[in-house]
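Each chain, written out:
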Amino acid sequence: MAKENILTQENFDVLLLWLDKNREAAGQKYEKIRERLVRVFVGRGCFEAEDLADETITRVANILPRLIDNYKGEQAYYFYGVADKVHLEWLRKEKKKRNLELPDDEPEEDPELEAEYDCLEKCLEKLPAPLRELIVEYYRKEKRAKIEYRRKLAEKLSITMGALQIKTCRIRAGLLKCVRECVAIGQERKV
């Protein structure tokens, strides 16, 4: 995001108190709101859904001391409003990244990209077979065919599209972490 927000323990405590005076109930409300935010971001095609949900919560918690006395209504709605802004910022950032990554006429062999692909293959092999097959199938088609294919995949697994998106988001997040670690290890060996 545009600026790095940090959630302090004090702001988090105020947030929980705002959600409910009973800390246990507040924790449950917090988890429900966070889960819903992740689903919203996944539904919008954000591959960083969990990070964006955390960013949204952090922003709400940081502004809450100024907001708490005047806000009326369901707290979750405020989170969703902030999530819209976070999503728009993410879209702008992704568009800017894509514009910077315009392909050349003749692509050159990129050793770093090759290393990432090698690491991705290694990380895929580490996954249990059902998860590996699911994530590969999830990305099999393109454009309109992709949507219909994913719908059929969800039906085959007897889960909703949202559940499928969340499941693949988690698999993808694990793969991303694995690939980054693998690439870092590969770079350390070169040094």
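Residues numbered from 1 in each chain as written. Predicted model: local features only at pLDDT ≥ 70, side-chain atom pairs only at ≥ 80, totals over all residues. Heavy atoms only, no water.

## Comments concerning the overall build of the chain
Of regular secondary structure, the chain possesses 8 helices and 0 strands. In the chain, the succession of helices and strands from N to C terminus is α-α-α-α-α-α-α-α. Projected onto its principal axes, the C-alpha positions of the chain cover 60 × 45 × 30 Å. Across the 191 residues that make up the chain, the buried fraction comes to 31%. Sequence-distant contacts, at least 24 apart, represent 64% of the contacts inside the chain between residues at least 6 apart. Summing over all exposed atoms, the chain offers an accessible surface of approximately 13600 Å²; the carbon and sulfur share of this is 52%. (Helix = DSSP H or I, 4+ residues; strand = E, 2+ residues; numbered from the N terminus. Buried < 20%, exposed > 50% of the residue type's maximum accessible area, 1.4 Å probe, protein only. Contact = heavy atoms within 4.5 Å. Areas by Shrake-Rupley, 256 points an atom, 1.4 Å probe, with all protein chains shown as cover.)

## Observations regarding the pattern of salt bridges
Going through the model one piece at a time under the given rule, you end up with 9 salt bridges. Note that Asp13 is salt-bridged to Arg23, the shortest N-O span being 3.2 Å. Linking Asp13 in helix α1 (residues 9–19) with Arg23 in helix α2 (residues 23–43), this pair joins segments that are 10 residues apart in sequence. Overall, the relative accessible area of 48% leaves Arg23 in the partly exposed class. The residue Asp54 makes a salt bridge to Arg34 at a minimum N-O spacing of 2.7 Å. Here Asp54 is found in helix α3 (residues 49–67), whereas its partner Arg34 is found in helix α2, with 20 residues between them in sequence. Judged by its relative accessible area of 31%, Asp54 falls in the partly exposed class. Ionic contacts of the salt-bridge type, sharing partners, join the residues Glu55, Arg59 and Glu89 into one network. (Salt bridge = Lys/Arg side-chain N within 4 Å of Asp/Glu carboxyl O.)

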